[in-house]
Structures are given as C-alpha cells and as structure tokens.
Amino acid sequence: MNWGMKNRLSKTINPKTGKTVMLAVDHGYFQGPTTGLRELKKAIDPLIPYADCLYITRGMLRNCVDAQTKIPIFLRVSGGPSILKDDLSDEHITTSMQEALRLNAVGVGMSIFVGGKNESRTIANLGKLVNEAEPNNMPVLAITAVGKEMVRDARYLGLASRIAAEMGAHIVKTYYCEDFKEVVKACPVPIVIAGGKKIDEKDALQMAYDAIQDGAVGVDMGRNIFQSDNPVGMIKAVRAIVHEGASVEDAYKIYKK
Ligand code: R5P
C-alpha cells in the first residue's frame with residue numbers, strides 16, 4: 001500500500017487498536033432534516049471529540065463543521081433519490097474526487113444496492129469511484145444499502161459485502177446479522193457496521209459488542225448515538241467496546257453515567 005493510502009486509512013482505523021468509531025451523520029442526503037440532526041452542528045459538536053472519523057456530506061461539512069477541526073472526514077459522495085421516492089437505489093456519484101481532495105477527505109463513501117432496481121448502475125458506480133480513487137490514494141467505503149424487500153441475513157449481506165470488496169472497496173459498511181462471522185470470513189477488507197434504526201441503548205451496545213467479537217473493525221454508527229437520550233454517554237460507551245474491549249455491562253454503565 002502506498003504512503004498516501006496508508007496515511008489516510010490510519011486516520012480512519014486507529015493503528016494502535018486496529019479499530020474505529022466512525023460517526024455517521026450523512027442521513028440528510030436522502031432523509032432531509034433527520035431526527036437528532038435537525039441542527040447538525042449542535043448535535044455533532046459534543047460528539048466529535050469521541051469519534052475517530054466523521055462520515056458526512058460535503059454540504060454539511062462546509063456549513064456545520066469548523067475548518068480547524070482535527071477530526072478526519074469521510075465524505076458521502078453518492079445520492080439522488082429522496083425518501084419520497086419508492087426506489088432509493090437510483091443513486092449517482094454526486095461529489096467529485098477533486099472535491100474530496102480539496103476538502104482534505106481521508107476517504108469517500110457510497111452505497112451499492114445489491115438486488116435493487118438499479119443494482120447494476122450502483123455497482124458500476126463503485127467500480128468507477130475506485131478507479132478514480134486509486135491514483136489519488138483515496139480509500140473508498142462501500143455501503144451495502146438494504147431495500148425494504150431485502151432480508152438482512154448473512155447470505156444477502158455476505159453477497160453484497162463480497163461484491164463491494166470485489167469491486168475494489170477498501171472498507172465495507174454493512175449491517176450486523178446472525179452468523180455475521182460468515183460475512184466477515186468471505187470479505188477480505190475491513191468491515192464496519194451501521195447501527196440502523198434507533199433501538200434500546202443496551203441492545204445497540206450488545207450489537208456493537210457482538211460485531212466486534214465476530215470480526216468487525218468497528219462501527220459507523222449514527223441514529224443509535226445521536227437519537228439517544230444521552231448521545232455523549234452513548235458514543236463513549238460504544239468507544240469503550242470498540243477500542244477497549246469493554247463488556248456490554250461496563251459500557252452500559254458508561255452510557256448511564
Ligand atoms: C445510510 O445510508 C447512511 O449511510 C448511514 O451512514 C448509515 O446507515 C449509518 O447510520 P445508522 O447507524 O444511523 O444506520
């Protein structure tokens with residue numbers, strides 16, 4: 001791996017622990033003012049000190065994040081349809097590689113919709129993004145987006161994650177599921193899990209714990225942090241699980257405190 005690529009990846013995945021807590025706040029790219037992120041700056045400022053990396057769109061980055069920030073930035077570069085459309089798979093690449101370089105991003109991320117109406121285009125988008133990213137030493141994160149009709153099991157998520165890796169993604173973001181170890185085994189690049197819809201805090205911590213035990217390198221979590229009644233407590237608790245190997249009980253105590 002070339003120096004630039006290594007350097008960018010080391011700003012996302014902590015070289016000391018080999019793990020990462022990415023804070024996902026890109027939801028507005030299709031959901032608009034998502035609950036918990038209506039006032040994005042207010043929501044993320046207290047969380048930034050506890051995240052290894054921020055996953056965000058360029059518009060929110062420019063308007064809501066101080067340019068003097070120390071937090072590494074992973075840019076969401078795909079989009080298209082809003083939640084008002086039935087077919088969320090109709091995505092394109094919306095932010096250029098030059099823009100990612102101008103914004104000092106440590107990586108770019110996009111969704112693929114395996115099994116979706118526009119499966120082929122989104123997988124080809126990933127291939128093209130990797131083609132542009134490689135000469136610039138820019139890591140690419142591929143997200144295995146799931147449609148309403150998709151079953152989130154190891155067979156489906158394993159298929160989608162493997163395709164992402166085959167296309168050249170450097171990191172894959174997918175969902176936790178039963179037999180998650182099988183997904184990890186078949187995917188030769190690091191996997192982070194998305195948190196998904198808000199669930200009970202203890203359940204979300206258990207999910208993070210199980211994912212790490214099963215081989216994930218970390219989380220790229222959003223709603224289960226910023227929609228929690230104690231977002232700072234929650235990100236600290238997730239951090240303890242990911243970087244310090246804390247038990248769910250101990251992490252829950254951190255959240256409660
Ligand atoms: C979804 O498409 C977004 O990329 C989110 O970044 C991702 O789902 C992680 O956020 P959450 O933990 O809220 O699912």
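First, a word on what this report is: a plain description of the structure on this page. No experiment lies behind these values; they were computed from the predicted model shown. (Residues numbered from 1 in each chain as written. Predicted model: local features only at pLDDT ≥ 70, side-chain atom pairs only at ≥ 80, totals over all residues. Heavy atoms only, no water.)

Our focus in this paragraph is the side chain of Ser-89. Relative to the assigned elements, Ser-89 resides in the loop between strand E4 (78–79) and strand E5 (92–93). If sequence neighbours within four positions are ignored, Ser-89 has contacts with Phe-113, Gly-116, Lys-117, Asn-118 and Thr-122. (Helix = DSSP H or I, 4+ residues; strand = E, 2+ residues; numbered from the N terminus. Contact = heavy atoms within 4.5 Å.)

Here we come to helix H9 (residues 201–213). Over its 13 residues, H9 extends 18 Å from the first C-alpha to the last, a length consistent with the 18 Å expected when each residue adds 1.5 Å. When we look at burial in H9, the residues that qualify are Glu-201, Ala-204, Leu-205, Met-207, Ala-208, Ala-211 and Ile-212. Axial view of H9: buried residues confined to an arc of 155°, hence all on one face. Against helix H8 (180–185), strand E9 (191–194), strand E10 (218–221), helix H10 (223–226), helix H11 (231–244) and helix H12 (248–256) lie the buried residues of H9. For H9, the capping residue at the N-terminal end is Asp-200, with a side-chain oxygen 3.1 Å from the backbone nitrogen of Lys-202. (Expected span 1.5 Å × (residues − 1). Buried < 20%, exposed > 50% of the residue type's maximum accessible area, 1.4 Å probe, protein only. Arc of directions from axis to C-beta. Polar contact = N/O pair within 3.5 Å; in protein donor to acceptor, adjacent residues only side chain to side chain.)

A few words now on the sheet that holds E9. Each strand in a sheet pairs with another by means of backbone hydrogen bonds, the pair being arranged parallel or else antiparallel. The parallel closed barrel is built from eight strands, whose spatial order is E1-E2-E3-E6-E7-E8-E9-E10. Between one strand axis and the next, the sheet turns by 25° as a mean value, whatever way the strands run. The strands touched by helix H7 (residues 154–166) are strand E6 (107–112), strand E7 (140–144) and strand E8 (171–175); relative to E8, the strand with the most contacts, the crossing angle is about 165°. (Pairing = 2+ DSSP bridges. Axes fitted to C-alpha atoms, helices over the stretch in contact; angles between N-to-C directions.)

Take the site of the ligand next. Inspection of the region around the ligand gives 15 residues, with Asp-26, His-27, Arg-76, Lys-173 and Arg-223 positioned closest. Here Gly-222 contributes a backbone N or O atom positioned 2.8 Å from an oxygen atom of the ligand. The separation between an oxygen atom of the ligand and a polar side-chain atom of Arg-223 is 2.8 Å. Burial of the ligand by the protein amounts to 95% of the accessible area it has alone, namely 360 Å². Breaking the shell around the ligand down by element, the ones donating at least two residues are E8 and E10. (Near = heavy atom within 4 Å. Areas by Shrake-Rupley, 256 points an atom, 1.4 Å probe, with all protein chains shown as cover.)

Attention now goes to the nonpolar core. Residues Val-25, Leu-54 and Leu-126 are the most contacted members of the largest nonpolar core, which totals 74 residues. With residues near it in sequence (within four places) discarded, Leu-54 still touches Leu-23, Val-25, Ile-44, Ile-48, Val-65, Ile-71, Pro-72, Ile-73 and Phe-74. (Core = buried A, V, L, I, M, F, W, Y, C linked by side-chain atoms within 4.5 Å.)

Time to look at the packing of aromatic side chains. For the structure shown, the criterion picks out four aromatic pairs. Here Tyr-55 and Phe-74 contribute two aromatic rings whose centre-to-centre distance is 6.2 Å and whose plane-to-plane angle is 50°, an arrangement assigned as tilted. In this pair, Tyr-55 is assigned in strand E2 (residues 53–56) and Phe-74 in strand E3 (residues 73–76), connecting sequence segments 19 residues apart. A single burial state applies to Tyr-55 and to Phe-74, both of which are buried. With a centroid separation of 5.5 Å and 40° between ring planes, the pair formed by Tyr-252 and Tyr-255 is classed as tilted. On the criterion of helical spacing, the pair formed by Tyr-252 and Tyr-255 is a turn pair, its members being three residues apart in helix H12. What makes Tyr-255 buried here is its relative accessible area of 6%. (Phe/Tyr/Trp six-rings, centres within 6.5 Å; stacked < 30°, edge-to-face > 60°.)

Phi is positive for Asn-104, close to 60°, though the residue is something other than glycine. Among the structural elements, Asn-104 can be located in the loop between helix H5 (97–102) and E6. For Asn-104, a relative accessible area of 62% gives the class exposed. Positive phi is not limited to glycine here, since Asp-179 has a value of about 60°. Summarising the element assignment, Asp-179 is placed in the loop between E8 and H8. Relative accessible area serves as the criterion here: at 52%, Asp-179 is assigned to the exposed category.

Further remarks concern H12. Every buried residue of H12 is listed here: Val-248, Ala-251 and Tyr-255. Buried positions in H12, seen along its axis, are confined to an arc of 65° and lie on one side of it. Exposed side of H12, more than 90 degrees from the buried face: Lys-253 and Lys-256 are the residues found there. Buried residues belonging to H12 abut H9 and H11.

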